[in-house]
Amino acid sequence: MTPLATPLASDRARYDRATAHLDAPLAVVDLEAFDANAADLVRRAGGKPIRVASKSVRCRALLERALARDGFSGLMAFTLQESLWLARAGFDDVLLAYPSVDRSAFAELAADPKLAAAVTVMVDDPAQLALIDAARGGGREEVRVCLEVDTSLRLLGGRVRIGALRSPLREPAQLAEMARSVARRPGFRLVGLMAYEGHVAGVGDAVAGRPLRSGAIRLMQAAARRELAQRRAAVVRAVRAVAPDLEFVNGGGTGSVQHTAAEDAVTEIAAGSGLYQPRLFDNYTSFSGRPAALFAQPVVRRPGVGVVTVLGGGYPASGAAGRDRLPVPYLPEGLRYDGQEGPGEVQTPLLGSAADDLLIGDKVWFRHAKAGEMCERFDALHLVEGDRVHERVPTYRGEGRTFL
């Protein structure tokens, strides 16, 4: 098989043809890949509904596309202002995944029956309830509340902690007492629990070139899943004893969909990154997605043999700084960063034999390390079907919304 006949070369040719009339920088979403990834998430969820994590998509048109499919239901937002904006746009089930101290947004929520019915806020401390009460400004609508559970794995008597520093609520008795705090306050209703196991769902267990590390991650994740399944079930029992009408128990993430869905205590799964399949989600043994979201930078210089320079491209992802947070040159195959410059704010040199076949004005296609963060750099996504652009849709940024 010649290099021109490889699947990646064929994809590059499709994207180049589809966007030949467009100038880079630009971003695309391959709808066939997006839909295939959505179908795989539904398959892995085994009949439990998937709540779409909006921060991993950041485009209303694609949130709507996902929710139009069987197996998806509801959104998980990342700020209160975003939650209100989505509710006003017609999304009627929005779970805010993080506590907020946005007083003006809480005043809006408590004053509007439509918003109060559509949005559920996250709390893990009675002080957050007090802040919401103080921010009501006369609004009398009942505020829907979800409690977050600390999912971290603790070893050696708690001296070793693996997992994100999120909620302080860990044990069933703590969650039950927090549930009672909600029940004692007029104007609040406890409707859900959330337990996001990021150390399982968001950490790949098949890191290329790191077999020992990958094996250690798999052992850790197996232990974490066992411990959390038992504790999550106990938490749900304890909270339901206080709030028997609990509507949902949310868990999981793209990397743990099938494992979390297997727990009887969990009623729905959260996922979003798997729709775009960014590069950090390549390193899993349990599933394989198709890269759906890409961005292109134009070749603007040819400094010498085996090197081209593209405009911009320095779009690092959030998290602990490291090479895994950088976007990767994807198409054409065989390009790599210059070790002294890396991806830069205004220019990015790329090395490799593939550079000699690139001309001024050609596009180099990149994959972001994370999913929705790419959309903070572009005001539109060009939705590609086959070798044509089917539609141009705005990102959050394109609609003038930068929530964080």
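Note that the structure is predicted; figures quoted are calculated from it, not measured.

Details of the pattern of salt bridges
Pairing between side chains of opposite charge can happen when their charged atoms approach one another. Scanning the entire structure with this criterion turns up 34 salt bridges. Between Arg 170 and Glu 227 there is a salt bridge, with its nearest N and O atoms 3.7 Å apart. With a gap of 57 residues between them, Arg 170 in the loop between strand E8 (160-162) and helix H8 (172-184) and Glu 227 in helix H10 (residues 211-242) connect regions that are remote in the sequence. Among the ionic contacts, a cluster of salt bridges with common partners joins Asp 150, Arg 154, Arg 161, Arg 170, Glu 171, Glu 227 and Arg 231.

As for the side chain of Thr 6
Checked against the element boundaries, Thr 6 lands in the segment before helix H1 (7-18). Within the local environment of Thr 6, its side chain forms a polar contact with the side chain of Glu 333, the two groups lying 3.4 Å apart.

With respect to the sheet that holds strand E11 (residues 268-271)
The strand order around the closed barrel built from 8 strands is E2-E3-E4-E5-E6-E9-E10-E11, with neighbouring strands paired in parallel fashion. For this sheet, the mean inter-axis angle between neighbouring strands, taken without regard to orientation, is 30°. Here helix H3 (residues 60-67) sits on the sheet and contacts strand E2 (50-53) and strand E3 (72-77); the angle it forms with E3, its principal contact strand, is near 145°. This element, H8, spans strand E5 (119-123), strand E6 (143-148) and strand E9 (188-195) of the sheet and lies at about 170° to E6.

Examining the packing of helix H5 (residues 103-111) against helix H7 (residues 126-135)
For the pair H5 and H7, interaxial distance at closest approach is 8 Å and the crossing angle is 70°. If you check the angle between H5 and H7, you find them roughly perpendicular. The interaxial crossing formed by H5 with H7 has right-handed handedness. In this structure, H5 uses Arg 103, Phe 106 and Ala 107 to contact H7, whose residues at the interface are Leu 131, Ile 132 and Ala 135. Residues of the contact of H5 with H7, tallied by class, amount to 5 nonpolar, no polar and 1 charged.

Some points on empty space enclosed by the protein
Going through the model one piece at a time under the given rule, you end up with 3 cavities of 30 Å³ or more. Estimated volume of the largest cavity: approximately 60 Å³. As for the largest cavity, its lining consists of Glu 197, His 199, Val 200, Ala 224, Arg 225, Leu 228, Arg 232, Ser 256, His 259, Thr 260 and Glu 263. Taken together, the elements giving at least two residues each to the lining of the largest cavity come down to helix H9 (198-201), H10 and helix H11 (257-261). Here the lining of the largest cavity is built from residues that sort into 3 nonpolar, 4 polar and 4 charged.

Some points on the nonpolar core
Core analysis: the largest hydrophobic core is formed by 91 residues, its most contacted members being Leu 62, Val 145, Leu 147, Leu 193, Tyr 276 and Leu 381. The leading source of residues in this core is helix H2 (residues 31-45), at 6 residues. When sequence neighbours within four positions are dropped, the list of residues in contact with Leu 147 reads Met 122, Val 123, Leu 175, Met 178, Ala 179, Val 182, Leu 190, Gly 192, Leu 193 and Met 194. Counting 12 residues, the second-largest nonpolar core is a separate cluster that includes Val 28, Ala 296, Leu 331 and Val 384.

Observations concerning the packing of aromatic side chains
Taken as a whole, this structure holds 13 aromatic pairs when the rule is applied. A ring pair is formed by Tyr 15 and Trp 365, whose centres lie 5.6 Å apart and whose planes are at 50°; its orientation type is tilted. Here Tyr 15 is found in helix H1, whereas its partner Trp 365 is found in strand E17 (residues 363-367), with 350 residues between them in sequence. Each member of the pair, Tyr 15 as well as Trp 365, is classed as buried. Summarising the aromatic geometry, the rings of Tyr 396 and Phe 403 are spaced 5.6 Å apart at their centres and angled 85° between planes, so their arrangement reads as edge-to-face. Take Tyr 396 and Phe 403: they sit in the same class, and that class is buried. Each residue in the set Phe 78, Trp 85, Tyr 396 and Phe 403 is aromatic and connected to the rest through ring pairs, giving one cluster.

Quick look at unusual backbone geometry
Residues apart from glycine generally show negative phi values, whereas peptide bonds are mostly found in trans. Following Ala 24, the chain continues to Pro 25 via a peptide bond in cis, the omega torsion being 5°. Relative to the assigned elements, Pro 25 resides in the loop between H1 and strand E1 (26-30). At Arg 58, a position not held by glycine, the phi torsion is positive, near 55°. Relative to the helices and strands, Arg 58 resides in the loop between E2 and H3. Residue classification places Arg 58 among the buried residues on the basis of a relative accessible area of 10%. Positive phi is not limited to glycine here, since Gln 277 has a value of about 55°. Structurally, Gln 277 is set in the loop between helix H12 (273-276) and strand E12 (293-304).

What about the environment of Pro 172?
With respect to the secondary-structure elements, Pro 172 resides in helix H8. Taking the C-alpha atoms as reference, Pro 172 lies 22 Å from Gly 253; in sequence the two are 81 residues apart. Ignoring anything within four residues of it in the chain, the contact list for Pro 172 reads Ala 234, Val 235 and Ala 238.

Examining H1
With 12 residues, H1 ought to run about 16 Å at 1.5 Å a step, and its terminal C-alpha atoms sit 16 Å apart, in line with that. Residues of H1 that are buried include every one of Arg 14, Tyr 15 and Ala 18, and no others. Here the buried residues of H1 occupy an arc of 95° about the axis, which is enough to place them on one side. Looking at the packing, one finds that the buried side of H1 touches E1, E12, strand E14 (328-331), E17, strand E18 (380-385) and strand E19 (388-394).

Let's talk about the environment of Ala 195
Counting through the fold element by element, Ala 195 comes out in strand E9. Separated by 46 residues in the primary sequence, Ala 195 and Val 149 place their C-alpha atoms 4.9 Å from one another. For Ala 195, the contacting residues outside a window of four places in its chain are Val 149, Thr 151, Arg 232, Asn 250, Gly 251 and Gly 252.

Analysis parameters
Residues numbered from 1 in each chain as written. Predicted model: local features only at pLDDT ≥ 70, side-chain atom pairs only at ≥ 80, totals over all residues. Heavy atoms only, no water. Salt bridge = Lys/Arg side-chain N within 4 Å of Asp/Glu carboxyl O. Helix = DSSP H or I, 4+ residues; strand = E, 2+ residues; numbered from the N terminus. Polar contact = N/O pair within 3.5 Å; in protein donor to acceptor, adjacent residues only side chain to side chain. Pairing = 2+ DSSP bridges. Axes fitted to C-alpha atoms, helices over the stretch in contact; angles between N-to-C directions. Contact = heavy atoms within 4.5 Å. Parallel < 35°, antiparallel > 145°, perpendicular 65-115°, else oblique. Left-handed = near helix turned anticlockwise from the far one by under 90°. Nonpolar A, V, L, I, M, F, W, Y, C, P; charged D, E, K, R; others polar. 1 Å grid on protein atoms, 1.4 Å probe; cavity = no way out; pocket = protein on both sides within 12 Å on 5 of 7 lines; lining within 4 Å. Points joined across faces, edges and corners; volume = space filled by probe spheres on them. Core = buried A, V, L, I, M, F, W, Y, C linked by side-chain atoms within 4.5 Å. Buried < 20%, exposed > 50% of the residue type's maximum accessible area, 1.4 Å probe, protein only. Phe/Tyr/Trp six-rings, centres within 6.5 Å; stacked < 30°, edge-to-face > 60°. Expected span 1.5 Å × (residues − 1). Arc of directions from axis to C-beta.

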